[in-house]
Each structure stands twice: as C-alpha cells, then as structure tokens.
Amino acid sequence: MFVLVEMTDTVRIPPWQFERKLNESIAEELNKKLANKVVYNVGLCICLYDITKLEDSYIFPGDGASHTKVHFRYVVFHPFLDEILIGQIKSCSQDGVHVSIGFFDDIVIPPESLQQPAKFDEAEQVWVWEYETEEGAHDLYMDIGEEIRFRVVDETFVDTSPTGPSSAEASTSTATEEVQKKEAPYTLVVTMCIDS
C-alpha cells in the first residue's frame, strides 16, 4: 500500500531560515511542497522518509535564497494491483460505489465489479446485493459508512497541470467554460468480487 520512492528536487531556502539547520529547513520545504499531493504516475505523497544526499547550495544574483539539489526518499500511497484493502462506503450512485480509506477518497467500484446479482435501489440510493441461499434470496444493503473489503484492479492518473487557453477559446471565453468538472488526479478502480 505504501512505497518508498526515490526523488530529486532543487529546494529553495529563504534567507530568514539560514539560522536553522539545513536538513530541517529542507525537510520542511519538501513536506510543504509534496505532502498530500499526487505526483503523476507515482502516487499520493504522504511524508518525507529521509534525505539521502545533499549537493552544493547556490545563491543566485538578485535572489538571497539558497538553492540546493536534494536526493531524498518519500513515503507514497500507491497500492499494487490485486492488493486487498479495507475501506468505508462514502456514497452510492448509478455509476457505482465510492469508497474512502480515511486519507484517500478517490476509490470507485463500478456496477459490474459489485457482487452479483446487484441492483441500485433508487429510493434508498444504495446498491443491494441479492444474496441467494437455500431459504431464498436476501437483500444485503451496501449502506453508507459500512466497512468493506475490496481488491485493486486498475489505477488512473490524470494530468491536472494548468494549461493555457487555445486560440479559439481565448476569443470566446464564457462563464460555462469556467465551470468545468474537476477530475481527481489519482483514482483507484476496485472490485468487491474477491476470490478466496
């Protein structure tokens, strides 16, 4: 679920932090920059694990801050495929079940990956698993807040970097273009059908 990822970055330390130890200042700046952020094709950054190498620091003309190239390892949430996790149901819709594991909410179970036969109850706004026994069928509701076990089957990274407007959009910008659906930068697609 969590992995250590080796990264390299140039860290800018402002002059008012020169009185502190260099490692402390760099650790604080790296956590400000990366903690709770998604790095494309890497995962959700959690916290700095350690600094492995510091290169020379430079002060550029016109900028009183020091710039240091840093090699470090960061703790990242990036579950491997087929990993089994436990989470809570956050919401249900026709698109499937949305699950949270506390610190990460962009987990989706599509309808075809639910335990079958399953149907969506419009009145309750929940998915129902029609469990068959010798005594007949029982409806098992997937209520919000219920703890479930699921298996990771796919992950999707979306580049959410800002882009400039195209030449056609620049001349005809309207309020409707500003209100766009916000996409999650990192989404897990999971299934409840777990072979034991």
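Q: So what's going on with the pattern of salt bridges? Which residues, and what values?
A: Pairing is possible between side chains that carry opposite charge, provided their charged atoms lie close to one another. Applying the stated criterion to the full structure yields nine salt bridges. Across the pair aspartate 9 and lysine 33 runs a salt bridge, and its minimum N-O distance is 2.6 Å. Taken as a pair, aspartate 9 in strand 1 (residues 2-13) and lysine 33 in helix 1 (residues 22-34) lie far apart in primary sequence, 24 residues in all. Of the residues examined, lysine 33 reaches a relative accessible area of 47% and is grouped as partly exposed.

Q: Lay out helix 1 in plain terms, naming residues and giving numbers.
A: Three- or four-residue spacings in an α-helix give side chains the same orientation, since the helix completes a turn every 3.6 residues. The end-to-end C-alpha separation of helix 1 is 18 Å, in line with the 18 Å expected for 13 residues at 1.5 Å each. Among the residues trailing helix 1, asparagine 36 stands out with phi positive, at a value near 65 degrees.

Q: Summarise the nonpolar core; cite the residues concerned and give the values.
A: Among the nonpolar cores identified, the biggest contains 24 residues, and Val97, Phe104, Ile107, Ile109, Met142, Phe150 and Leu188 are the most heavily contacted of them. For this core, the secondary structure elements donating two or more residues are strand 5 (84-93), strand 6 (96-100), strand 7 (107-109), strand 9 (126-133), strand 11 (147-157) and strand 12 (186-191). Apart from residues lying up to four places away in sequence, isoleucine 107 is in contact with Val97, His98, Val99, Ile101, Phe150, Leu188 and Val190. Counting residues in hydrophobic clusters, the runner-up holds 15 residues, among them Ile26, Leu30, Phe72 and Val76.

Q: I'd love a proper account of the packing of aromatic side chains, names of residues and values included.
A: The relation between two aromatic rings is expressed through the spacing of the ring centres and the mutual angle of the planes. Inspection of every chain in the model, using the stated rule, returns nine aromatic pairs. Measuring from centroid to centroid gives 5.5 Å for phenylalanine 104 and tyrosine 186, while their planes differ by 50 degrees, and the two rings are tilted. Of this pair, phenylalanine 104 sits in the loop between strand 6 and strand 7 while tyrosine 186 sits in strand 12; the two residues are 82 residues apart in sequence, bridging distant segments of the chain. By the burial criterion, phenylalanine 104 is buried, and tyrosine 186 matches it. In textbook terms, an aromatic cluster arises when at least three aromatic residues are bridged by ring pairs, as seen for Phe2, Tyr40, Phe77, Phe103, Phe104, Phe157 and Tyr186.

Q: How would you summarise the sheet that holds strand 7 if you had to cite specific residues and measurements?
A: Spatial strand order, 5-6-7-12-11: five strands in a closed barrel with mixed pairing. Recorded for the sheet is a direction-independent mean angle of 50 degrees between the axes of neighbouring strands.

Q: An account of the sheet that holds strand 3 (residues 43-59) is requested, with residue identities and associated values reported.
A: Here we have four strands laid out as an open sheet, ordered 1-4-3-2, and antiparallel in their pairing. Of all strands in the sheet, those bounded by a partner on one side alone are strand 1 and strand 2 (38-39). As judged from the two bridges shared by strand 2 and strand 3, these two strands associate in the antiparallel manner. Bridging from a neighbouring strand, valine 38 pairs with leucine 44 of strand 3. On the sheet, helix 1 packs against strand 1, strand 2, strand 3 and strand 4 (66-77) and is oriented at approximately 135 degrees with respect to strand 3.

Q: Got a sec to walk through the pairing of strand 10 (residues 136-141)? Specific residues and values, please.
A: With six bridges connecting them, strand 9 and strand 10 associate as antiparallel partners. Within the sheet, the bridge partner assigned to tryptophan 129 lies in strand 10 and is leucine 140. Hairpin connection from strand 9 to strand 10: two residues lie between these consecutive antiparallel strands.

Cut-offs applied
Residues numbered from 1 in each chain as written. Predicted model: local features only at pLDDT ≥ 70, side-chain atom pairs only at ≥ 80, totals over all residues. Heavy atoms only, no water. Salt bridge = Lys/Arg side-chain N within 4 Å of Asp/Glu carboxyl O. Helix = DSSP H or I, 4+ residues; strand = E, 2+ residues; numbered from the N terminus. Buried < 20%, exposed > 50% of the residue type's maximum accessible area, 1.4 Å probe, protein only. Expected span 1.5 Å × (residues − 1). Core = buried A, V, L, I, M, F, W, Y, C linked by side-chain atoms within 4.5 Å. Contact = heavy atoms within 4.5 Å. Phe/Tyr/Trp six-rings, centres within 6.5 Å; stacked < 30°, edge-to-face > 60°. Pairing = 2+ DSSP bridges. Axes fitted to C-alpha atoms, helices over the stretch in contact; angles between N-to-C directions.

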